[in-house]
Amino acid sequence: MDTNRFFKTVLSQNAEDLMKYFQRNAVIKWHCTNEVFTLDEYIKANCEYPGNWNGEIERIEENANTIILACRVFPRDNSESFHVVSFIHLKDDLIIEMDEYWSDDGLAPEWRKKMKIGKRIR
(Lines give C-alpha, C1' and ligand atoms only; values in the text may rest on other atoms or scores of the structure.)
Protein backbone atom coordinates (compact mmCIF):
# COMPACT_ATOMS: atom_id res chain seq x y z
CA MET A 1 0.00 0.00 0.00
CA ASP A 2 1.23 3.49 -0.83
CA THR A 3 1.01 5.05 2.65
CA ASN A 4 1.61 8.64 1.54
CA ARG A 5 -1.08 8.43 -1.13
CA PHE A 6 -3.49 6.85 1.39
CA PHE A 7 -2.95 9.72 3.83
CA LYS A 8 -3.52 12.31 1.08
CA THR A 9 -6.71 10.48 0.07
CA VAL A 10 -7.99 10.57 3.66
CA LEU A 11 -7.34 14.33 3.78
CA SER A 12 -9.05 14.91 0.42
CA GLN A 13 -12.23 13.21 1.72
CA ASN A 14 -12.76 11.47 -1.63
CA ALA A 15 -15.02 8.53 -0.76
CA GLU A 16 -14.57 6.67 -4.04
CA ASP A 17 -10.77 6.80 -3.93
CA LEU A 18 -10.62 6.07 -0.19
CA MET A 19 -12.70 2.91 -0.59
CA LYS A 20 -9.96 1.45 -2.83
CA TYR A 21 -7.56 1.10 0.13
CA PHE A 22 -9.83 -1.22 2.17
CA GLN A 23 -11.10 -4.77 2.19
CA ARG A 24 -14.90 -4.61 1.97
CA ASN A 25 -15.26 -6.18 5.46
CA ALA A 26 -12.71 -3.87 7.12
CA VAL A 27 -13.22 -2.79 10.72
CA ILE A 28 -12.13 0.66 11.92
CA LYS A 29 -11.87 1.52 15.63
CA TRP A 30 -11.55 5.00 17.12
CA HIS A 31 -10.47 4.12 20.63
CA CYS A 32 -10.51 7.63 22.16
CA THR A 33 -14.28 7.85 21.58
CA ASN A 34 -14.97 4.12 22.02
CA GLU A 35 -16.41 3.67 18.50
CA VAL A 36 -16.16 0.88 15.94
CA PHE A 37 -17.14 1.41 12.30
CA THR A 38 -17.88 -0.69 9.27
CA LEU A 39 -16.11 0.48 6.13
CA ASP A 40 -19.21 2.35 4.91
CA GLU A 41 -19.60 4.08 8.29
CA TYR A 42 -15.93 5.07 8.37
CA ILE A 43 -16.08 6.46 4.84
CA LYS A 44 -19.18 8.48 5.77
CA ALA A 45 -17.62 9.80 9.00
CA ASN A 46 -14.36 10.75 7.28
CA CYS A 47 -15.75 12.16 4.05
CA GLU A 48 -18.67 14.11 5.54
CA TYR A 49 -16.64 15.68 8.35
CA PRO A 50 -16.87 19.44 7.84
CA GLY A 51 -13.99 21.49 6.54
CA ASN A 52 -11.05 21.21 4.20
CA TRP A 53 -8.01 19.47 5.61
CA ASN A 54 -4.24 19.38 5.43
CA GLY A 55 -1.79 17.24 7.31
CA GLU A 56 1.64 15.77 7.53
CA ILE A 57 2.97 12.34 8.29
CA GLU A 58 5.45 12.66 11.13
CA ARG A 59 6.45 9.01 11.31
CA ILE A 60 5.86 5.74 9.46
CA GLU A 61 6.77 2.29 10.76
CA GLU A 62 6.16 -0.71 8.52
CA ASN A 63 6.51 -4.35 9.47
CA ALA A 64 5.11 -7.23 7.39
CA ASN A 65 1.35 -6.57 7.23
CA THR A 66 1.26 -3.70 9.73
CA ILE A 67 1.79 0.02 9.20
CA ILE A 68 1.94 2.51 12.06
CA LEU A 69 1.37 6.15 11.17
CA ALA A 70 1.80 9.17 13.42
CA CYS A 71 0.27 12.22 11.73
CA ARG A 72 -0.73 15.79 12.39
CA VAL A 73 -4.02 16.87 10.84
CA PHE A 74 -5.31 20.44 10.68
CA PRO A 75 -7.90 22.51 8.79
CA ARG A 76 -6.54 24.57 5.91
CA ASP A 77 -7.18 27.73 7.92
CA ASN A 78 -4.91 26.36 10.72
CA SER A 79 -7.61 27.10 13.32
CA GLU A 80 -7.09 23.74 15.06
CA SER A 81 -4.57 20.92 15.19
CA PHE A 82 -4.89 17.22 15.94
CA HIS A 83 -2.60 14.22 16.15
CA VAL A 84 -3.59 10.72 15.16
CA VAL A 85 -1.76 7.45 15.54
CA SER A 86 -3.06 4.74 13.22
CA PHE A 87 -2.30 1.03 13.42
CA ILE A 88 -3.15 -0.31 9.98
CA HIS A 89 -3.41 -4.06 9.42
CA LEU A 90 -3.26 -5.27 5.82
CA LYS A 91 -4.54 -8.35 4.05
CA ASP A 92 -3.61 -8.72 0.37
CA ASP A 93 -2.22 -5.16 0.49
CA LEU A 94 -5.61 -3.70 1.55
CA ILE A 95 -6.67 -2.48 4.98
CA ILE A 96 -8.61 -5.12 6.90
CA GLU A 97 -8.43 -3.42 10.30
CA MET A 98 -7.43 0.04 11.48
CA ASP A 99 -7.10 1.22 15.07
CA GLU A 100 -6.85 4.99 15.48
CA TYR A 101 -6.14 7.23 18.44
CA TRP A 102 -7.09 10.89 17.92
CA SER A 103 -6.04 13.77 20.16
CA ASP A 104 -6.62 17.52 20.15
CA ASP A 105 -3.33 19.42 20.24
CA GLY A 106 -2.95 21.92 23.04
CA LEU A 107 -0.71 23.37 25.69
CA ALA A 108 0.74 21.49 28.62
CA PRO A 109 -1.58 21.51 31.64
CA GLU A 110 -1.05 24.15 34.30
CA TRP A 111 0.16 21.66 36.92
CA ARG A 112 3.13 20.71 34.71
CA LYS A 113 3.89 24.32 33.83
CA LYS A 114 4.14 25.06 37.56
CA MET A 115 6.68 22.26 37.91
CA LYS A 116 8.82 23.97 35.23
CA ILE A 117 9.54 20.69 33.48
CA GLY A 118 9.50 19.79 29.79
CA LYS A 119 10.11 21.93 26.72
CA ARG A 120 8.09 22.57 23.57
CA ILE A 121 8.78 20.19 20.72
CA ARG A 122 8.32 22.91 18.08
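Residues numbered from 1 in each chain as written. Predicted model: local features only at pLDDT ≥ 70, side-chain atom pairs only at ≥ 80, totals over all residues. Heavy atoms only, no water.

- In the annotation of an unreviewed UniProt entry, the entry for the protein reads Nuclear transport factor 2 family protein, and the organism field reads Peptoniphilus ovalis.

**As for the overall build of the protein**
Now for step 1: If you tally the helices and strands in the protein, you get four helices and six strands.
Now for step 2: Each helix (α) and strand (β) of the protein, taken in turn from the N terminus, gives the series α-α-β-β-α-β-β-β-β-α.
Now for step 3: A principal-axis box enclosing the C-alpha atoms of the protein has dimensions of 50 × 30 × 25 Å.
Now for step 4: Counting every position in the protein, which comprises 122 residues, the buried fraction comes to 32%.
Now for step 5: In the protein, 40% of the contacts between residues at least 6 apart in sequence involve partners at least 24 apart.
Now for step 6: Surface accessibility of the protein: about 8400 Å² in total, with carbon and sulfur atoms responsible for 50%.
Now for step 7: Averaging the locations of the 17 positively and 21 negatively charged side chains of the protein gives two centres separated by 8 Å. (Helix = DSSP H or I, 4+ residues; strand = E, 2+ residues; numbered from the N terminus. Buried < 20%, exposed > 50% of the residue type's maximum accessible area, 1.4 Å probe, protein only. Contact = heavy atoms within 4.5 Å. Areas by Shrake-Rupley, 256 points an atom, 1.4 Å probe, with all protein chains shown as cover. Lys, Arg positive; Asp, Glu negative; His and termini not counted. Charge placed at Lys NZ, Arg CZ, Asp CG, Glu CD.)

**As for the nonpolar core**
Now for step 1: Counting 27 residues, the largest nonpolar core has F6, F22, Y42, I88 and I95 as its most contacted members.
Now for step 2: Contributing elements (two or more residues each) for this core: α1 (3-12), β1 (22-30), α3 (39-47), β4 (66-75), β5 (82-91) and β6 (94-104).
Now for step 3: Not counting residues up to four positions away in its chain, the partners in contact with Y42 are V10, L18, F22, I28, W30, F37, M98 and E100. (Core = buried A, V, L, I, M, F, W, Y, C linked by side-chain atoms within 4.5 Å.)

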